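Analysis of the macromolecular model
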Amino acid sequence: MSPRLQITARDMELSDWIRDEITRKADKLDEFYDRIIWCRVVVEAPHRHRREGAPYNVRIFILVPGSEINVEREPNQDFQAAIRDAFDAAYRQLEDFSQRRRGEVKQHEEPPHARVSAVFPEKGYGLLMTPDGTEVYFHEHSLLNHDLKHLEIGTEVRFAEERGEKGPQASSVTVLKEKRIIHKLEE
């Protein structure tokens, strides 16, 4: 990658060892994703204070076909940690870009849905029935957008499931829509 790598230092001098370390880490990025067109690493030591050490800032700009990847991390007092963190972040962003290009975008699973099958407001809990017939316990404190006292049987919810002491237990229960009972007017 050396001909496509540009290293810039601002407000500081870089030793040969640091330049070699940056080149080595940039070469590892190139081994992972060999379509990198250009990589620029900017190392700076902004605002030196007398009482504190100099925080080092490392920014990385990577040009790949059809996109740019920019890495900017919080300044770090430890120069080697600043370089390591910036390249770790660059690797993760490059990995995400590579997966998107290959169509390997992560699909987030929908949270499970259920209907309220029983409510015991005086005891502070209720039960949900999932589409596959599993009964799931939930505590009144796990209701996020509703009050247990006003929850009706048949109300549709989504929830996060976890293992409880006596079986499946719902947490983060969100009411999706109220069950509407339509009364037929008698003529």
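Preceding this paragraph is the structure being described.
To keep things clear, this report deals only with the structure shown in the data block. (Residues numbered from 1 in each chain as written. Predicted model: local features only at pLDDT ≥ 70, side-chain atom pairs only at ≥ 80, totals over all residues. Heavy atoms only, no water.)

**Brief notes about the packing of aromatic side chains**
Our working rule: The rule is short: rings of Phe, Tyr and Trp, with Trp giving its six-membered ring, pair when the centres are within 6.5 Å, and they are stacked under 30 degrees, edge-to-face over 60, tilted in between. Secondary structure follows DSSP: runs of H or I at least 4 residues long count as helices, runs of E at least 2 residues long count as strands, and numbering of each begins at the N terminus. Three exposure classes are used, based on accessible area relative to the maximum for each residue type with a 1.4 Å probe and protein chains only: buried under 20%, partly exposed in between, and exposed over 50%.
As enumerated under the stated definition, the model contains five aromatic pairs in all. Both rings, one in Phe 32 and one in Tyr 91, keep their centres 4.7 Å apart while their planes meet at 55°; by these two values the pair is tilted. Here Phe 32, found in helix H1 (residues 16-32), pairs with Tyr 91, found in helix H2 (residues 79-101); they are 59 residues apart in sequence, far enough to count as distant. With relative accessibility at 30%, the residue Phe 32 sits in the partly exposed group. A centroid spacing of 5.0 Å and a plane angle of 35° characterise the contact between Phe 120 and Tyr 125, whose relative ring orientation is tilted. Overall, Phe 120 belongs to the partly exposed group, its relative accessible area being 27%. For Tyr 125, a relative accessible area of 22% puts it in the partly exposed group. These aromatic residues form a ring-pair network of at least three members: Phe 120, Tyr 125 and Tyr 137.

**Here's the deal with the pattern of salt bridges**
For the record, the criterion: Any carboxyl oxygen of Asp or Glu within 4 Å of a side-chain nitrogen of Lys or Arg constitutes a salt bridge here.
If you walk through the whole model with that rule in mind, you get six salt bridges. Between Glu 21 and Arg 24 there is a salt bridge whose closest N-O contact spans 2.7 Å. Here Glu 21 and its partner Arg 24 are both found in helix H1, three residues apart, which amounts to about one turn of the helix. For Glu 21, a relative accessible area of 17% gives the class buried. With a closest N to O distance of 4.0 Å, Glu 156 and Arg 115 form a salt bridge. Of this pair, Glu 156 sits in strand S8 (residues 156-164) while Arg 115 sits in strand S5 (residues 113-120); the two residues are 41 residues apart in sequence, bridging distant segments of the chain.

**Some remarks on the sheet that holds strand S3 (residues 57-64)**
Operational definition: If DSSP finds at least two bridges between two strands, the strands pair. Angular values range over 0 to 180 degrees, each being the angle between N-to-C directions of two axes fitted as lines to C-alpha atoms, with helices fitted over their stretch in contact.
Ordered in space as S1-S2-S3-S4, the four strands form an open sheet in which the pairing is mixed. Each having just a single partner strand, strand S1 (5-10) and strand S4 (67-72) make up the two edges of the open sheet. Strand-to-strand twist across the sheet, computed as the mean angle between neighbouring axes with direction ignored, equals 10°. Of the pairings in the sheet, the one linking S3 to S4 comprises six bridges and is antiparallel in character.

**Concerning unusual backbone geometry**
Positioned with a positive phi, Asp 11 is a non-glycine residue whose angle comes to about 60°. With respect to the secondary-structure elements, Asp 11 resides in the loop between S1 and H1. Of note in this structure, Ser 172 is not a glycine but carries a positive phi near 50°. Tracing the chain through its elements places Ser 172 in strand S9 (residues 167-177). Exposure remark for Ser 172: the relative accessible area of 37% places this residue in the partly exposed category.

**Observations regarding the nonpolar core**
To be explicit about the condition: Residues belong to a common nonpolar core when they are buried Ala, Val, Leu, Ile, Met, Phe, Trp, Tyr or Cys residues joined through side-chain atoms within 4.5 Å. Only heavy atoms enter the contact rule, under which two residues are in contact if any of them lie within 4.5 Å.
Grouped together as the largest cluster of nonpolar side chains are 30 residues, with contacts concentrated most on Val 41, Ile 60 and Ile 62. Of all the secondary structure elements, the ones that give two or more residues to this core are S1, H1, strand S2 (38-44), S3, S4 and H2. A total of nine residues in this core trace back to one element, the largest contributor, which is H2. Ignoring any residue separated from it by four or fewer positions in sequence, one finds Val 41 in contact with Leu 5, Gln 6, Ile 7, Thr 8, Ile 22, Val 58, Arg 59, Ile 60 and Phe 87. Core analysis: the next-biggest nonpolar cluster, separate from the first, contains 14 residues, Val 116, Phe 138, Leu 143 and Leu 151 among them.

Read these as layout, nothing more, since geometry by itself doesn't imply function.
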